[in-house]
Amino acid sequence: MSQQLDKIYDPKSFEERLYNTWEKKGYFTPDDDHSKTPFCIVIPPPNVTGQLHMGHALDNTLQDIIIRTKRMQGYNALWIPGTDHAGIATQIKVEESLRKNEGISRYDLGRAEFVKRVWKWKELYGNRIIEQLKKLGSSCDWTRLRFTMDDNLSEAVKKTFVSLYERGLIYRGYRIINWCPKCATALSDTEVDYKELPGHFWHIRYPFEDGSGYVVIATTRPETMLGDTAVAVHPDDERYKSIVGKNLILPLVGRKIPVIADEYVDKDFGTGCVKITPCHDPNDFEVGIRHNLEMIVMLDGNARINNNGGKYEGMDRYEARKAIVQDLEAAGLLVKVEEHSHNVAHCYRCGTVVEPISSRQWFVKMKPLAEPAIQVVKDNKLEFIPDRFSKIYLNWMENIHDWCISRQLWWGHRIPAFYCDDCGEMSVSRDDLKICPKCGSKNIHQDEDVLDTWFSSALWPFSTLGWPNKTKDLEYFYPTSVLVTGYDIITFWVSKMIFSGLDAMNEIPFRYVCVHGLVRDSQGRKMSKSLGNGIDPLEVIDKYGADALRFTLATGNSPGNDMRFNPERVEAARNFANKIWNAARFILMNLDIEEVVSPLSASLEIGLAQEDKWLLHKFNALIADVTENIDKYELGIALSKLYDFFWDVFCDWYIELVKPRLSDKDCPSNKAAQNTITYVFTEALKLLHPFMPFITEEIYLTLPHGSESIMISQWPKVDPDYDFAVDADNTQKAIELIRLIRNRRAEMNVPPSKKAHIFIKTDEKAAFSGSEQYFSRLAGASGVTFVDEFDAENSVAVVSDSAVCYIPLSEMIDFDKERERIAKENERLNSEIERINKKLSNAEFVSKAPERVINAERDKLAGYINALENLREAAKKIEI
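Summarised in this report is the structure supplied together with it. (Residues numbered from 1 in each chain as written. Predicted model: local features only at pLDDT ≥ 70, side-chain atom pairs only at ≥ 80, totals over all residues. Heavy atoms only, no water.)

Right, let's get into the overall build of the protein chain. In terms of regular secondary structure, the protein chain is built from 29 helices and 29 strands. Scaling as 2.2 N^0.38, a compact globule of 880 residues should have a C-alpha radius of gyration of about 29 Å, whereas the protein chain reaches 37 Å, well beyond that. With respect to the principal axes defined by its C-alpha atoms, the protein chain has extents near 110 × 85 × 55 Å. In the protein chain, buried positions account for 53% of the 880 residues. If you take every contact in the protein chain between residues at least 6 apart in sequence, the share linking residues at least 24 apart comes to 77%. Working note: accessible area of the protein chain is about 39,800 Å², and carbon and sulfur atoms make up 47% of it. Charged side chains of the protein chain number 110 positive and 130 negative; the gap between the two group centres comes to 3 Å. (Helix = DSSP H or I, 4+ residues; strand = E, 2+ residues; numbered from the N terminus. Rg over C-alpha atoms; globule rule 2.2 N^0.38 Å. Buried < 20%, exposed > 50% of the residue type's maximum accessible area, 1.4 Å probe, protein only. Contact = heavy atoms within 4.5 Å. Areas by Shrake-Rupley, 256 points an atom, 1.4 Å probe, with all protein chains shown as cover. Lys, Arg positive; Asp, Glu negative; His and termini not counted. Charge placed at Lys NZ, Arg CZ, Asp CG, Glu CD.)

Here's what the structure looks like:
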């Protein structure tokens, strides 16, 4: 053995050392043997601005478990790491730094210089989260580290844009988009969060031009009336058929607007009359197109009223709302105001209320791209785990709108469209154009906008493998094997990768999507800065070690479900690690063999004992179960079974059963005992390694081992030679009876030092043959006698599925001491019962005390009465 284990389990002493060794030796990088079966995962790229949080820790722990398992199973396993340039988040970060440290804005620098500053910031801070992922134990191939704005990945973006444009799937046009006034950019539908907020319905009179009356409309956003160009009614609404075609006067503005008929209107909702503001509502926009209405934008990019707003020009949207309502009321045009809760769109980045605004942007036509992406899921060519998330995916894809991909930012992939200042020609090209291809003018400029960040990350599964170049990696590893991600980005990201992979590669990007939930606090709340309930995983690692954090995240996880993070569970995880550490130290203290062989090897002079066969049989079943669970991505279930095996089967039972043979070096089966305990423990460490890589490696290197590292050792396989079903069943029957005897002794407060002769009645004597020593050592038995009949009077009967054990009371109890204890307890219980009865019979107490207090006293009384009855039964047994 190369080293010994320290007495105290201290993960700080070896976790960083082991990780550096793994990385230095290249264990994370697959070899060039392409005859092996490939297995590939691409990391969901964290933002380059990011810092490790519990969501990252969970996501990457699950991926690492899978990739480490596949590596040990002989796959050529590749886990591709990388980061996302995060257009909005990064630009905001750098702009904040400029304001704070230099007192300037990006406009003071200009675009080119600002972009240089962002690259400089990225070089300084961009790898922070990568280093943090290493502390978690992530076994990514860091030689293949990717960034969404690397040259090759940028080429992939350009190729995709140009290809889609040339096929008519990307277009530039006016449509309603989501606009964030704070980030000052358009957002896609997936970048908008909806929150239900209290609001109002303002009912407003719109008078007819001819003075013949008015109609009443209801709106939640009175300020948008400045952009109204019609009022619509349903064509079948008998109330309003006569007014269709008439003109109204827009209140406070004085502009004439028509009454139109359109089936979009719900005649049973509100007044049945709907104001139409084409440039500030997506449904109104479609109505405006159908009726050729005037398009009036009444807000600028900062959500202030523009020059179409008359006297309200320059006001913030909410300031204008207040002023408009006051003016309507003063003019007698405000009918009433109702309370009304409604969903309000917010920017997913900064939380600002988003404005729908008509704007000229770049869009992707989604229907043609969505159809094949829908079909592969319906045909089960690509599966979601759990399957219920396929319904979320399909619902999104079947109702998808065209995707707004342009962003009014300076940081990101600039849209490859070029405009001639002389002839007005627009050209889309992968190459940076310097001359207009139509007129030859050199007065040409590129589109100012950049692409939505998700446009580049949609290409991630194949751009990271070298596409658009034809690389060996792309040919060998694509499609990738599984995507591990949270349910919150199925629409953001997963859907985009699926249709992009099918379009660019004519192949799904991955076979499975393994969906996990969110990490919530102990109360079930989402972790957030505003609540102050976030837990820094790096602090947990520093205090308890990465293995304890990984164990906690994996055991609390079931596919698709949120988990609660409780610090007490991390303590329990560390206790488990400590248990394994101490088991390893026990083995090492009893080990003098230099090499471990198969427990059935002919080189062992004496064969296996019954407890050895029980352990090997149990371990065989464990290998089968854990392997199957991991293959099904049931990682939490797999770890739960490993926990039970190590803690219960191995430590609590087998070690206790085998101790006499290990401590007696003259025992004929001592070498078989050493070999069996070391063999099973080492192989079990391999199963545990993907979940807790550091402690398993540190222990593995101290034991006789056949590989230079556990992470490149061979995954255990079920061995039919270890199928000892009968022996295992017999041992299990003895263990179950011992467990019941120990429980009964504990219930009766019998000290462990008190021995008692036991009598076992069973129809399966052969099953218990040879197990007498187990009862003697582990069940406090001074002797064991098998009987056909037994007088059970004055005895305790312990019943299992296969036997009844009788223990004479006189063997377990010191009657004089027990009588004394029962007498004292009897006196105490009667005193408590008398005290509570007096309290409850006190009329003043009952009339003044809260009901919960009275009920609590009654519950106590019932408990004391029940305890007294049990005490009397105990007294009868010892003939008091």
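Before going further, it helps to examine the packing of aromatic side chains. Enumeration according to the criterion identifies 42 aromatic pairs in this entry. Here Phe 39 and Tyr 75 contribute two aromatic rings whose centre-to-centre distance is 6.0 Å and whose plane-to-plane angle is 70°, an arrangement assigned as edge-to-face. Here Tyr 75 lies in the loop between helix 2 (54-72) and strand 2 (76-80) and Phe 39 lies in strand 1 (residues 38-42), a separation of 36 residues in the sequence. Residue classification places Phe 39 among the buried positions, given a relative accessible area of 6%. For Tyr 75, a relative accessible area of 28% puts it in the partly exposed group. With 6.2 Å between their ring centres and 85° between their planes, Phe 645 and Phe 646 make a pair best called edge-to-face. Taken individually, Phe 645 and Phe 646 each receive the classification buried, so the pair is uniform in this respect. Here the aromatic cluster, defined as three or more aromatic residues joined through ring pairs, consists of Phe 551, Phe 576, Phe 619, Tyr 643, Phe 645, Phe 646, Trp 647, Phe 650, Tyr 654 and Phe 681. Cation over ring: Arg 175 sits above Phe 363, and NZ or CZ is 5.7 Å from the ring centre. (Phe/Tyr/Trp six-rings, centres within 6.5 Å; stacked < 30°, edge-to-face > 60°. Lys NZ or Arg CZ within 6 Å of the ring centre and 35° of its normal.)

If you want to describe how two helices pack, look at the angle between their axes and the distance between the axes. Contact geometry of helix 19 (residues 610-631) with helix 21 (residues 670-688) gives a least axis separation of 11 Å together with a crossing angle of 15°. In terms of orientation, helix 19 and helix 21 fall into the roughly parallel class. Along this stretch, helix 19 crosses helix 21, giving a crossing that reads as left-handed. Of helix 21, the residues touching helix 19 (which contributes Asp 612, Leu 615, Leu 616, Phe 619, Leu 622 and Ile 623) are Thr 676, Tyr 679, Val 680, Glu 683, Ala 684 and Leu 687. Class assignment for the residues of the contact of helix 19 with helix 21 results in nine nonpolar, one polar and two charged. (Axes fitted to C-alpha atoms, helices over the stretch in contact; angles between N-to-C directions. Parallel < 35°, antiparallel > 145°, perpendicular 65-115°, else oblique. Left-handed = near helix turned anticlockwise from the far one by under 90°. Nonpolar A, V, L, I, M, F, W, Y, C, P; charged D, E, K, R; others polar.)

Another point: helix 22 (residues 693-700). The buried count for helix 22 comes to eight of eight residues, which makes it a mostly enclosed element. Within helix 22, the full set of buried residues consists of Pro 693, Phe 694, Ile 695, Thr 696, Glu 697, Glu 698, Ile 699 and Tyr 700.

Below, the discussion takes up the side chain of Asp 452. Assignment of secondary structure puts Asp 452 in the loop between strand 21 (450-451) and helix 12 (453-457). On the basis of relative accessibility, which here comes to 2%, the residue Asp 452 falls in the buried class. Of the polar contacts made by the side chain of Asp 452, one reaches the side chain of Arg 407; its length is 3.2 Å. (Polar contact = N/O pair within 3.5 Å; in protein donor to acceptor, adjacent residues only side chain to side chain.)

We now examine the environment of Ala 767. Relative to the elements of secondary structure, Ala 767 occurs in helix 24 (residues 765-768). Looking at Ala 767, the relative accessible area reads 6%, which means it is buried. Considering only alpha carbons, one finds Ala 767 and Lys 733, 34 residues apart in sequence, at a separation of 7.5 Å. If near-sequence neighbours (up to four positions away) are discounted, Ala 767 is found in contact with Gln 610, Asn 730 and Lys 733.

To continue, consider the sheet that holds strand 10 (residues 247-249). Within the open sheet, the four strands sit side by side as 10-11-9-12. Their pairing is mixed. Unpaired on one side and paired on the other, strand 10 and strand 12 (274-276) mark the two borders of the sheet. Neighbour to neighbour, the strand axes of the sheet diverge by 35° on average, direction disregarded. As judged from the three bridges shared by strand 9 (residues 230-233) and strand 12, these two strands associate in the antiparallel manner. Of the residues in strand 12, the one forming a bridge with Ala 232 is Val 274. (Pairing = 2+ DSSP bridges.)

Moving on, we come to the nonpolar core. The tendency in soluble globular proteins is for nonpolar side chains to be buried as a group. Residues Phe 384, Phe 650, Phe 681, Phe 691 and Phe 775 are the most contacted members of the largest nonpolar core, which totals 191 residues. Among the elements that line this core, the one with the most residues is helix 20 (residues 635-663), at 15 residues. Not counting chain neighbours up to four residues away, the residues in contact with Phe 775 comprise Ala 734, Leu 737, Ile 738, Ile 741, Ile 758, Ile 760, Phe 768, Gly 780, Ala 781 and Val 784. (Core = buried A, V, L, I, M, F, W, Y, C linked by side-chain atoms within 4.5 Å.)

To continue, consider the packing of helix 17 (residues 546-555) against helix 22. Where helix 17 contacts helix 22, the two axes come as close as 7 Å, and the packing angle between them is 130°. Of the possible angle classes, the one that applies to helix 17 and helix 22 is oblique. Of helix 22, the residues touching helix 17 (which contributes Ala 546, Asp 547 and Arg 550) are Pro 693, Phe 694 and Ile 695.

The phi torsion of most residues other than glycine is negative, and most of the peptide bonds are trans. Of note, the bond from Trp 467 into Pro 468 is cis; its omega dihedral lies within 30 degrees of zero at 20°. Assignment of secondary structure puts Pro 468 in the loop between helix 13 (460-463) and helix 14 (472-477). Of note, the bond from Tyr 478 into Pro 479 is cis; its omega dihedral lies within 30 degrees of zero at 0°. For Pro 479, the position within the fold is in the loop between helix 14 and strand 22 (480-486).

A side chain with one charge can pair with a side chain of the opposite charge if their charged atoms come near. Across all of its chains, the model carries 59 salt bridges by this definition. Residues Arg 520 and Asp 562 are paired through a salt bridge, measuring 2.7 Å at the closest nitrogen-oxygen approach. A residue pair is termed long-range when its members are at least 10 positions apart, and Arg 520 in strand 24 (residues 519-520) and Asp 562 in the loop between helix 17 and strand 25 (563-564) qualify at 42 residues. By relative accessible area, which is 32% here, Asp 562 ends up partly exposed. Its salt-bridge partner being Arg 744, residue Glu 747 comes within 3.4 Å of it at the nearest N-O pair. One end of the pair, Glu 747, and the other, Arg 744, are both in helix 23 (residues 725-747), three residues apart, so they sit about a helical turn from each other. Salt bridges sharing partners connect three or more residues here, namely Glu 155, Lys 158, Arg 430 and Asp 432. (Salt bridge = Lys/Arg side-chain N within 4 Å of Asp/Glu carboxyl O.)

Turning our eyes to something else, we now look at the pairing of strand 18 (residues 417-420). Across the two faces of strand 18 the burial is the same, with Ala 417 and Tyr 419 and Phe 418 and Cys 420 all buried. Note: strand 18 against strand 19 (residues 426-428), three bridges, orientation antiparallel. Pairing of Ala 417 across the sheet is with Val 428, part of strand 19. As consecutive antiparallel partners, strand 18 and strand 19 are separated by five residues, and within that stretch Gly 424 has a phi angle of approximately 80°, a positive value. Two elements, strand 18 and strand 20 (residues 444-446), share three bridges in a ladder whose sense is antiparallel.

Along the polypeptide, Arg 550 turns up in helix 17. Judged by its relative accessible area of 1%, Arg 550 falls in the buried class. Other than its neighbours up to four places away in sequence, Arg 550 contacts Thr 61, Asp 64, Ile 65, Arg 68, Leu 136, Gly 137, Ser 138, Pro 690, Phe 691 and Pro 693.

As for its placement among the helices and strands, Val 216 is situated in strand 8 (residues 214-219). Val 216 sits 12 residues away from Ile 204 along the chain, and the two C-alpha atoms are 5.4 Å apart. When neighbours within four sequence positions are excluded, Val 216 is seen to be in contact with His 203, Ile 204, Arg 205, Thr 271, Cys 273 and Val 335.

The next thing to look at is the sheet that holds strand 27 (residues 781-787). Spatial strand order, 27-26-29-28: four strands in an open sheet with mixed pairing. The outermost strands of the open sheet, each flanked by one partner alone, are strand 27 and strand 28 (795-799). When strand polarity is set aside, the average angle formed by the axes of neighbouring strands in this sheet is 25°. The sheet contact formed by strand 26 (residues 756-761) and strand 27 spans six bridges and is parallel. Bridge pairing in strand 27 places His 757 opposite Gly 783. On top of the sheet, helix 23 reaches strand 26, strand 28 and strand 29 (804-808); it is set at about 140° to strand 28, its chief contact.

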